[in-house]
Amino acid sequence: MPGMVVFGRRWGIASDDLVFPGCFELVLRVLWWIGTLILFVYHKGRFDCNGRGVLHSYLVGLLVVLALIILSLCAIVYISARGTITNPGPRRSMPALVYLRALLYIPELVWACLGAVWVSDDSRGCDPATVFAVISAVVASWIILLFTAVGVVFVFDPLGNPRAPAAGLEPLGVRDMESSEGSQFLSTARSLAVKVWESRLRLLCCCLPQDESHRAAFSSIAQLFSNFFSDTDLVASDIAAGLALLHQEQDKMEQSRDPDTVNIHSPSSPIGQDLEMELEKAAHCMQFAAAAYGWPLYIYSNPFTGPCKLSKDCCRSRSAEYDIVGGDHLGCHFSSILQITGLQYRDFIHVSFHNQIYEIPFFVALDHKREAVLVAVRGTLSLKDALTDLSAECENLPIEGVSGACYAHKGMCQAAGYIYKKLVNDGILNQAFSIAPEYKLVITGHSLGAGTASLLAILLRNSFPTLQCYAFSPPGGLLSKALADYSKDFVVSVVLGKDLVPRLSIPNMEDLKRRILKMVSNCNKPKYRILLQGCWYEVFGGDPDDFPTEMDNRREQELSQPLLGEESLMIRHSSSYQSLGSDDSPAHTATHLPLFLPGRVLHITEDGPSRRSCFSEVRYRADWSNEMAFRSIMISPRMLADHMPDIVLRALNSLTADRPFTLCPSSLNNSQNNTI
């Protein structure tokens, strides 16, 4: 599990991560060695051309260098495949093998230069096949050296500087963080981690203006990330192995569940009638939520006909026909909105494509079919939107008439405040209701737009008591319990399948981290086998593997503390891992303020077997659920696909049309029914 320590620093790769890259390079090196040997034997070591002495020395030396590299790779693959993720003891010799392999790059570099010199100066008169073989060997050497350098950059850890050993370490390598020296060390490490994450964010968002608002967002997000990753030492492959194990564990639990415990409501019951009515409204509103994404989603959903339809309307000048703000110079966004919603130009009151951090696009239109003034808020479609998503700390949101703690997701709270000011202070809603005073207010959005729409509905509720909000795939970490309960009267959240985002919150992520650590520490199989079997299970299905465990009381006590490196710095009293052996809800163990989904929750799942063949008919079912059913992240191949707005729209259309909808983004599809 800990990152490997070589060359005096920790790297972002573990000692058991070299099985697959080692095997890949080993195959290439063996084929290369065989080809070189065939060339040498074919000419019997005699070459009738200029520079034959250099060529003979080059081929002999290349055979020797390749043989040494092959032997070193065999040793690396063999040692890397030993032990388990949390038992690196059998891999103690891996650093020495890495040093040996690094030394062999020196003669390889020398021989690559020698081959290049021979090709450029002394290859005249030689067999063209021989010249081509030498050129291929030289090019292959440089390509491998280049990819090795790129790989080193990828696994470089800016926080991997060697730590000076402190006096008085406990037997298990635990530093006494009660001392002032330990506290100062920890504070310095955390400050460095925040700076590193800020640098990464600035590099990722280098195209964005570096103004005060962006710098504040970078600092806030960096603090969040550094806190989340500060108390554990997991490399990327550890997380992948843990997710594979956790997915199979969740599938085993789902298969063992008693189907008789699921209570299905009859469509003729009052709850069934309410459900059917809400589904029709949701399917209608989802068209507007999807339309807010503009032309990218329209082209994605209609790759063959979409460009032709939009090309007729783009680049036309219609600025006088509707109030549009920024970001749609060619008119393609607005044209796609017209195509998806079926509205006319005159039905739009305000359209804004202005996009900054905490300021997201939206439009206001008159929906004559439902007699509503409809506000649709766009979801995540840019880096600025992603920064708004990641500003996930809590912000106070006092609401008149709501008792209890009132707080919400900071980024979406800011975005809702921005749209609120536009709608109220700029008189957009007054203009809409002056045209259609008898209409009611409806707010909708998907993903980031769903969270913002829910908060906007809460802000406008006192002024518009009859408003309704339909939030599609809203983020799980959105509202405090008091605000979530308050919103049940006017907000409906729609969640499809095992969508990740409605289950995404800081406490849930802490719980996922705890469960991943528990799974990998319990499993006594090497990582490469876990990953191979996990890939097979994801692609071809089958029965979840029953992984044996090796955790005893001693290991459980050790792993109840966070791991911080191969030369472990282990901090006492970590809030994330104080109950590793427990399966308690994250709401009881997390130190972060709990946040919940808004309003009533309508959960749509596939009706039928959890796995199906491609191009088979898909039937959906919908049930009322509650926000507590989404307090744990479900691992599934569908966890991202179920969040896509076009998939959500198709599922709703399938339900309201009362017919199966053929949809096959993946042959692996799991469902979970939460019926109340």
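Counting secondary structure elements, the chain contains 22 helices and 15 strands. The burial tally for the chain puts 51% of its 676 residues in the buried class. Across the chain, every contact between residues at least 6 apart in sequence was considered, and the portion connecting residues at least 24 apart equals 75%. About 30900 Å² of surface is accessible on the chain, with carbon and sulfur atoms providing 60% of the total.

Compared with an ideal rise of 1.5 Å per residue, which puts 13 residues at 18 Å, helix H22 (residues 645–657) spans 18 Å between its outermost C-alpha atoms and is within 8% of the ideal. Buried residues of H22: Pro645, Asp646, Ile647, Val648, Leu649, Ala651, Leu652, Ser654 and Leu655, and no others.

Let us now look at the packing of helix H8 (residues 236–255) against helix H18 (residues 506–522). Close contact between H8 and H18 brings their axes to 8 Å; oriented N to C, the two are set at 90 degrees. Here H8 is positioned roughly perpendicular relative to H18, judged by the angle of their axes. Contacts between H8 and H18 involve Asp238, Ile239, Ala241, Gly242, Leu243, Leu245, Leu246 and Glu249 from the former and Leu512, Arg515, Ile516, Met519 and Val520 from the latter. When its residues are assigned to classes, the contact of H8 with H18 shows nine nonpolar, one polar and three charged.

Turning to the nonpolar core, a few remarks are in order. Ranked by internal contacts, the top residues of the largest apolar core, which has 46 residues, are Val373, Val375, Leu423, Leu441, Ile443 and Leu455. Elements supplying a minimum of two residues to this core: strand S5 (362–367), strand S6 (372–377), helix H14 (410–425), helix H15 (428–435), strand S9 (440–446), helix H16 (448–460) and helix H17 (481–486). Apart from the residues lying within four places of it in its own chain, the contact partners of Ile443 are Val375, Ala453, Leu456, Ala457, Leu460, Gln468, Cys469 and Tyr470.

Attention now goes to helix H1 (residues 19–42). The terminal C-alpha atoms of H1, which comprises 24 residues, lie 34 Å apart, in line with the 34 Å expected from a rise of 1.5 Å per residue. Buried within H1 are the following residues: Val19, Gly22, Glu25, Leu26, Arg29, Trp32, Thr36, Leu39 and Phe40. On its buried face, H1 is in contact with helix H2 (52–80), helix H3 (94–103), helix H4 (105–121), helix H5 (128–155) and helix H19 (527–540). One or two positions beyond H1, positive phi appears at Lys44, with a value near 50 degrees.

This brings us to the pattern of salt bridges. Inspection of every chain in the model, using the stated rule, returns 20 salt bridges. Between Arg101 and Glu25 there is a salt bridge whose closest N-O contact spans 2.7 Å. Highlighted residues: Arg101 in helix H3 and Glu25 in helix H1, separated in sequence by 76 residues. The partner of Asp511 in a salt bridge is Arg515, with the nearest N and O atoms 2.9 Å apart. In this pair, Asp511 and Arg515 both sit in helix H18, four residues apart, roughly one turn of the helix.

Now for the packing of aromatic side chains. Tallied over the entire structure, the rule returns seven aromatic pairs. Sitting above the plane of the Tyr105 ring, Arg101 keeps its charged end 4.0 Å from the centroid. Above the face of the Phe596 ring, Lys481 is positioned so that its terminal group lies 5.3 Å from the ring centre.

Turning our attention to the side chain of Asp499. The topology assignment puts Asp499 in the loop between strand S11 (491–496) and H18. Here Asp499 is buried and forms no salt bridge, its nearest opposite-charge partner Arg503 lying at an N-O distance of 6.2 Å. Among the polar contacts listed, one links the side chain of Asp499 to the side chain of Ser473, at a separation of 3.2 Å.

In this section: the packing of helix H7 (residues 212–229) against helix H13 (residues 383–390). Look at H7 against H13: their axes get within 9 Å of each other, and the N-to-C directions meet at 50 degrees. If you check the angle between H7 and H13, you find them oblique. In this structure, H7 crosses over H13, and the sense of that crossing is left-handed. The segment H7 lies against H13, with His214, Phe218, Ile221, Leu224 and Phe225 engaging Lys384, Leu387 and Leu390. Among the residues making up the contact of H7 with H13, the classes are represented as six nonpolar, one polar and one charged.

Next up on the list: unusual backbone geometry. Of note, Tyr358 is a non-glycine position whose phi angle comes to about 70 degrees, a positive value. Tracing the chain through its elements places Tyr358 in the loop between strand S4 (348–352) and S5. With relative accessibility at 13%, the residue Tyr358 sits in the buried group. Phi is positive for Glu371, which is not a glycine, with a value near 50 degrees. By secondary structure assignment, the location of Glu371 is in the loop between S5 and S6. Residue Glu371 is classed as partly exposed on the basis of its relative accessible area, which comes to 46%.

So, on to the confidence of the model for the chain. Per-chain confidence: the chain averages 79 in pLDDT, with 77% of residues scoring 70 or above. Mean pLDDT across the elements of the chain ranges from a minimum in strand S15 (residues 661–662), with 39, to a maximum in strand S10 (residues 468–472), with 97. A low-confidence stretch, residues 260–270 stays under pLDDT 50, and its non-local contacts, those more than four residues away or across chains, total 11 contacts. Within the model, pLDDT remains below 50 along residues 659–676, and this stretch shows 75 contacts once partners closer than five positions in the same chain are excluded.

There is a patch of nonpolar side chains on the surface, built from Val60, Val64, Leu68 and Leu71 and spanning about 340 Å² of accessible area. Topologically, Leu71 is positioned in helix H2.

The next subject is the environment of Asp347. Locating Asp347 in the fold gives a position in the loop between helix H12 (332–341) and S4. Among the residues examined, Asp347 registers a relative accessible area of 7% and is labelled buried. Separated by 85 residues in the primary sequence, Asp347 and Ala432 have C-alpha atoms spaced 9.6 Å apart. The contact partners of Asp347, leaving out residues within four places of it in the chain, are Ala365, Leu366 and His368.

With that settled, consider the pairing of S5. In regular strands, side chains alternate between the two faces of the sheet. Within S5, six of the six residues are buried, which leaves it mostly tucked inside the rest of the structure. By the alternation rule, side chains of S5 split into Phe362, Val364 and Leu366 and Phe363, Ala365 and Asp367, which are all buried. In terms of strand pairing, S5 meets S6 through six bridges, oriented antiparallel. Considered in S6, the bridge of Val364 is made with Val375. Between S5 and the antiparallel strand that follows it, S6, lie four residues; Glu371 among them carries a positive phi value of about 50 degrees.

Rules used throughout
Residues numbered from 1 in each chain as written. Predicted model: local features only at pLDDT ≥ 70, side-chain atom pairs only at ≥ 80, totals over all residues. Heavy atoms only, no water. Helix = DSSP H or I, 4+ residues; strand = E, 2+ residues; numbered from the N terminus. Buried < 20%, exposed > 50% of the residue type's maximum accessible area, 1.4 Å probe, protein only. Contact = heavy atoms within 4.5 Å. Areas by Shrake-Rupley, 256 points an atom, 1.4 Å probe, with all protein chains shown as cover. Expected span 1.5 Å × (residues − 1). Axes fitted to C-alpha atoms, helices over the stretch in contact; angles between N-to-C directions. Parallel < 35°, antiparallel > 145°, perpendicular 65-115°, else oblique. Nonpolar A, V, L, I, M, F, W, Y, C, P; charged D, E, K, R; others polar. Core = buried A, V, L, I, M, F, W, Y, C linked by side-chain atoms within 4.5 Å. Salt bridge = Lys/Arg side-chain N within 4 Å of Asp/Glu carboxyl O. Phe/Tyr/Trp six-rings, centres within 6.5 Å; stacked < 30°, edge-to-face > 60°. Lys NZ or Arg CZ within 6 Å of the ring centre and 35° of its normal. Lys, Arg positive; Asp, Glu negative; His and termini not counted. Polar contact = N/O pair within 3.5 Å; in protein donor to acceptor, adjacent residues only side chain to side chain. Left-handed = near helix turned anticlockwise from the far one by under 90°. pLDDT = per-residue confidence, 0-100. Patch = residues over 30% accessible without salt bridge, like charges linked within 9 Å, V, L, I, M, F, W, Y side chains within 5 Å. Pairing = 2+ DSSP bridges.

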